[in-house]
Amino acid sequence: MQNITKPIYGGQAVVEGVMFAGKAHSVTAIRRKDRSIEYFHVPRHTNPTLAFLKKIPFIRGIVAMIEASANGAKHLQFASERYELDQNDEAPREEKTHPSKLSIVLGAAVVGVLSFLFAKTIFTLVPVFLAAFLKPLFPTKMAQIFVEGMFKLALLLAYIYFISLTPLIKRVFQYHGAEHKVINAFEAGLPLTVENVQRSSRLHYRCGSSFILFTVIVGVFVYMFVPTDPLWLRVMNRLALIPVVLGISFEVLQFTNKLRDVPVLRWLGYPGLWLQLLTTKEPTDDQVEVAIASFQELLRLEENMEIEKKAVQ
């Protein structure tokens, strides 16, 4: 049973490490070439307007995503820069590779919000044109929306599967699994040892991967209320409805997380967990150690902040 008194923490895999975010801080820990662990701290400043908007259902998800993108970009850049330095220093001069910092950042963000925002438009429009091409075979509105949804799901699964075959992204997905294991162990009240964390599940109901899948499912239902013809209008309303789909999908994600301990109803979150079988990989003990270090550093900063608050009072 989840300990509901515990604060909720989020995380994100980066190149050779993990970022965790709390109420007032976010911390990334990465493994350097010399086997040391390096940390990157970013304080989280509360904007009154954003804090207000994050309390409004269907709007709060979009606000949280924008906020996460701004915060995550700093951690992704830090990790990618260190990775590039280690890679270039490690390779012989004649064989040195100079990977683009942008490509590394975007690659690491596959499991994060930035990549999702960039890809959302593509994964929204390509299925529209594919479904329209097959309209002679599927002429009705309901059939077109269903085929569009199936194309979107197929593209999503194929995209994730093929990028997961690359060595860099495979390691990012392993760190993604390590991130989930740490959160699951913490929420279960277990001491954060490598052994306890490794025994925990690499799947989690609040994962962004589940959110991505819910956008596909939610989109099918939302599109029932808007026309599919003519094609130009279909394209326009798909783009216009992206914020609507994102907002509803966030609420669905929150709802399934609340039901995770309720028999039968917990199955509502299973489709998202199934997608995580692709977006997470079983981490090594070494990777779990980095994830634990990142989370413990975050807990230390958050605890120090509370102590300082009490001292001032």
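Treat the numbers as computed from the prediction; the structure is a model and nothing was measured. (Residues numbered from 1 in each chain as written. Predicted model: local features only at pLDDT ≥ 70, side-chain atom pairs only at ≥ 80, totals over all residues. Heavy atoms only, no water.)

## Structural notes on the side chain of His204
Put simply, the rule is: Here a strand is any run of E in DSSP of at least two residues, a helix any run of H or I of at least four, and the numbering for each starts at the N terminus. Burial classification: accessible surface area is computed with a 1.4 Å probe over protein chains only, and a residue below 20% of its type maximum counts as buried, one above 50% as exposed, and the rest as partly exposed. As used in this structure description, the phrase polar contact means that two N or O atoms lie within 3.5 Å; if the pair is within protein, one of them must be able to donate a hydrogen and the other to accept it, and residues adjacent in sequence are counted only when both atoms belong to side chains.
Mapped onto the fold, His204 is located in the loop between helix 7 (194–199) and helix 8 (208–222). The class for His204 is buried, based on a relative accessible area of 4%. Here Glu187 takes part through its side chain, which lies 3.0 Å from a polar atom of the side chain of His204.

## A few points about the UniProt feature "transmembrane region" (unreviewed entry) in the protein chain
The criterion, for reference: UniProt positions are given in the numbering used here, feature names are shortened, and annotations may be inferred rather than shown by experiment.
Annotation from UniProt places "transmembrane region" (unreviewed entry) at residues 102–130, 150–169, 207–226 and 238–256. Helix and strand shares over residues 150–169 are 85% and 0% respectively, and the end C-alpha atoms of the span are 25 Å apart. Overall, residues 238–256 shows 95% helix and 0% strand. The separation of its end C-alpha atoms is 25 Å.

## Focus: a nonpolar patch on the surface
This is how the line gets drawn: Distance thresholds for patches are 9 Å for like charges and 5 Å for nonpolar side chains (Val, Leu, Ile, Met, Phe, Trp, Tyr), applied to residues having over 30% relative accessible area and no salt bridge. Per-residue and other accessible areas follow the Shrake-Rupley method at a 1.4 Å probe size, with only the shown protein chains counted as cover for residues. The salt bridge definition used is simple: a Lys or Arg side-chain nitrogen within 4 Å of an Asp or Glu carboxyl oxygen.
A contiguous nonpolar surface patch, about 330 Å² in accessible area, is contributed by Phe255, Val262, Leu265 and Leu268. Of note, Leu265 is situated in the loop between helix 10 (242–258) and helix 11 (270–279). Among the residues examined, Leu265 registers a relative accessible area of 39% and is labelled partly exposed.

## Quick notes on the pairing of strand 1 (residues 10–14)
Counted only if it meets this: Two strands qualify as a pair provided DSSP detects at least 2 bridges between them.
Bridge analysis of strand 1 against strand 2 (residues 17–21) gives five bridges, and the strand direction is antiparallel. Considered in strand 2, the bridge of Val14 is made with Gly17. Hairpin geometry of strand 1 and strand 2 is characterised by an intervening segment of two residues between the two adjacent antiparallel strands and by a positive phi of about 60° at Glu16.

## Some details on the packing of helix 5 (residues 141–163) against helix 8
Note the following rule: Each axis is a line fitted through C-alpha atoms, taken for helices only over the stretch in contact, and angles between the N-to-C directions span 0 to 180 degrees. Angle categories: roughly parallel below 35 degrees, roughly antiparallel above 145, roughly perpendicular from 65 to 115, and oblique for all the rest. We call two residues contacting when some pair of their heavy atoms lies within 4.5 Å. Three residue categories are used. Nonpolar comprises Ala, Val, Leu, Ile, Met, Phe, Trp, Tyr, Cys and Pro, charged comprises Asp, Glu, Lys and Arg, and polar comprises the others, including Gly.
Following both chains from N to C, one finds helix 5 and helix 8 inclined at 170°, their axes separated by 9 Å at the closest point. Judged by the inter-axis angle, helix 5 sits roughly antiparallel to helix 8. Side by side, helix 5 and helix 8 meet where Ile145, Gly149, Lys152, Leu153 and Leu156 of the first sit next to Ile212, Leu213, Val216 and Val220 of the second. Here the contact of helix 5 with helix 8 is built from residues that sort into seven nonpolar, one polar and one charged.

## Comments concerning the sheet that holds strand 2
Reading across the sheet, the four strands line up as 1-2-3-4 and stay open at both edges, with antiparallel pairing between neighbours. Looking at the sheet topology across the chains shown, the edges are occupied by strand 1 and strand 4 (37–43). Strand-to-strand, the axes of this sheet are offset by a mean angle of 15°, without reference to chain direction. Of the strands in this sheet, strand 1, strand 2 and strand 3 (25–31) touch helix 6 (residues 167–187), which is tilted by about 160° from strand 1. Running at roughly 155° to strand 3, helix 12 (residues 285–312) makes contact with strand 2, strand 3 and strand 4 of the sheet.

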